[in-house]
Amino acid sequence: MANPSTNKETPIAQPVTTMSVVAPAIGWLIPGAGHLIQKRWIRGLLLMASIVIMFVLGLALQGRVYRPNGGDILDILGFVGDVGAGGLYIVTRALDLGQGAIAHATADYGTKYIIVAGLLNFISAADAYHIAIGKKP
Amino acid sequence: MNLQLSHFSAAVLFGVFASVVFGITQRSTSREQIRYGLYCFAMFVGGVFLAGWVMWLLRR
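Source: prediction; values computed, not measured.

Engineer: What am I meant to see in the overall build of chain A here?
Structural biologist: Looking only at helices and strands, chain A has seven helices and zero strands in total. Every one of the 137 residues in chain A was classed for burial, and the buried ones make up 42%. In chain A, the share of contacts with a sequence separation of at least 24, taken over all contacts with a separation of at least 6, comes to 71%.

Engineer: Sorry, what's going on with the interface of chain B and chain A here?
Structural biologist: When the parts come together, some accessible area is lost, and that loss is often what is quoted as the size of the interface. If you look at the interface, chain B gives 16 residues, while chain A gives 23 residues. For the side of chain B that touches chain A, the class distribution of residues is eleven nonpolar, five polar and no charged.

Engineer: Please clarify how helix 4 (residues 41–60) of chain A should be interpreted in this entry.
Structural biologist: Every α-helical turn comprises 3.6 residues, leaving residues that sit three or four positions apart pointing alike. An ideal rise of 1.5 Å per residue puts 28 Å on 20 residues; helix 4 of chain A measures up with 28 Å between its terminal C-alpha atoms. Turning to helix 4 of chain A, its buried residues are Arg-43, Gly-44, Leu-46, Leu-47, Met-48, Ser-50, Ile-51, Met-54, Phe-55, Leu-57, Gly-58 and Leu-59 of chain A. In this fold, the buried residues of helix 4 of chain A make contact with helix 3 (33–36), helix 6 (87–94) and helix 7 (107–132) of chain A together with helix 1 (7–26) of chain B.

Engineer: Sorry if this is basic, but what is going on with the packing of helix 5 (residues 73–83) of chain A against helix 7 of chain A here?
Structural biologist: Two measures define how a pair of helices packs: the angle their axes make with one another and the distance between the axes. All names here are of chain A. Taken N-terminus to C-terminus, the directions of helix 5 and helix 7 make an angle of 55 degrees; their axes are 6 Å apart at the nearest point. When the axes of helix 5 and helix 7 are compared, the pair comes out oblique. Like other packed secondary-structure pairs, helix 5 and helix 7 cross with a definite hand, here left-handed. Counted together, Gly-78, Gly-81, Asp-82 and Val-83 of helix 5 and Ile-114, Ile-115, Gly-118 and Leu-119 of helix 7 form the full contact between these two elements.

Conventions used here
- Residues numbered from 1 in each chain as written.
- Chains lettered and ligands numbered in written order.
- Predicted model: local features only at pLDDT ≥ 70, side-chain atom pairs only at ≥ 80, totals over all residues.
- Helix = DSSP H or I, 4+ residues; strand = E, 2+ residues; numbered from the N terminus.
- Buried ≥ 20, exposed ≤ 12 C-beta atoms within 10 Å, placed from the backbone.
- Contact = placed C-beta atoms within 7 Å.
- Nonpolar A, V, L, I, M, F, W, Y, C, P; charged D, E, K, R; others polar.
- Expected span 1.5 Å × (residues − 1).
- Axes fitted to C-alpha atoms, helices over the stretch in contact; angles between N-to-C directions.
- Parallel < 35°, antiparallel > 145°, perpendicular 65-115°, else oblique.
- Left-handed = near helix turned anticlockwise from the far one by under 90°.

Written out as structure tokens, the structure reads:
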């Protein structure tokens, strides 16, 4: 009797290389840098520009930057999104930005811009990892 | 620094940046990346118009 599990391809474990660790880490810290250190210049610059501009626009729109001890579940989720921006989030917190009072109706877009910039940076860092392990050209 | 955008321009700018990242990260070749990025942008803008019309209908 044939064992159905033998027909399935076993996943091949990817070797842990220095680049597979450094690329996503630096890509998280500096958006797009994970691609730049792997010589994906255009992709890296486009990712960097998109994420940085989105984050800065969020601040300019008077968006709110979440803190880790928000208490409310939505605040915690907002913090998880924000922290995805890596170095941008650290600099913003260090300069105490993103605390402005909401003065106009579209200011909530700013908060969403900041969160989504962080989430997009998570995707970007994961993509840098896939390039590093050779899963993506 | 204080910027004010309309709902439409804020939503379109959101679509531009998200589409660039989606296009680059979700496809492999340059051609596919451009096509997918444009597709995502079209979906974002289409969604904005659709949501706008739905809100207009609900408001009537």
